[in-house]
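Below are the chains, spelled out letter by letter.
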Amino acid sequence: MIANLVQLAAEEEQNPLVPPGPELLVGAIAFAIVFFFFWKKLLPNINKVLDERRAAIEGGIEEADAMKVEAQSVLEQYKAQLAEARHEAARLRQEAQEQGATLIAEMRAEGQRQREEIIAAGHTQIAADRKSAAQALRQDVGKLATDLAGKLVGESLEDHARQSRTIDRFLDELEEKAEAAR
């Protein structure tokens, strides 16, 4: 059998790169069927999927560009609002400082006024106390002077009118001596 095959192969002497005619025809028909099937059925579906993918990518890029523009716009608005808020905060801080300075000035003026009132009230009180002390002192000195004068004179100086005249005369003399000493 092997010998038969070798004899057949030697008789045909064919090029191994070129297939026999019927095999070439069957291969060409099979290739045409597969090519036609790919061309009519698969290629449109593949192109459709590729077009959809391209449209999705391009739409995504356009959407991303639109979002980027919108984000840039929002960022600019944010920066403008932030600058406005900082300006407003600076203005409010300045107003607060001015109000604080005004309030401090008012409080100082009020303190000064109260101090003046207290000093005036103090002076009035001192004058009243001085007057009352002088009155009490005048009575005490008068009483002592009357008692002393009564002991010196040897008679009682209980008469109120005479006692008042004596006391007034005595105190007037003391005041004159005090003024002369100054």
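Higher on the page you've got the structure.
The rules behind these values
Residues numbered from 1 in each chain as written. Predicted model: local features only at pLDDT ≥ 70, side-chain atom pairs only at ≥ 80, totals over all residues. Heavy atoms only, no water. Helix = DSSP H or I, 4+ residues; strand = E, 2+ residues; numbered from the N terminus. Buried < 20%, exposed > 50% of the residue type's maximum accessible area, 1.4 Å probe, protein only. Areas by Shrake-Rupley, 256 points an atom, 1.4 Å probe, with all protein chains shown as cover. Patch = residues over 30% accessible without salt bridge, like charges linked within 9 Å, V, L, I, M, F, W, Y side chains within 5 Å. Salt bridge = Lys/Arg side-chain N within 4 Å of Asp/Glu carboxyl O.

Q: What exactly am I supposed to notice about the overall build of the protein chain here?
A: The helix and strand tally for the protein chain stands at three helices and zero strands. Counted from the first residue to the last, the protein chain has its helices and strands arranged as α-α-α. Taking all 182 residues of the protein chain together, 5% fall into the buried category. Within the structure as shown, the protein chain displays about 16,100 Å² of accessible surface, and the carbon and sulfur contribution to it stands at 62%.

Q: Teacher, can you tell me more about a nonpolar patch on the surface here?
A: Nonpolar side chains collect at one region of the surface, where Val 34, Phe 37, Phe 38, Leu 42, Ile 46 and Leu 50 lie side by side and expose about 530 Å² of accessible area between them. The topology assignment puts Val 34 in helix H2 (residues 21–153). Relative accessible area serves as the criterion here: at 43%, Val 34 is assigned to the partly exposed category.

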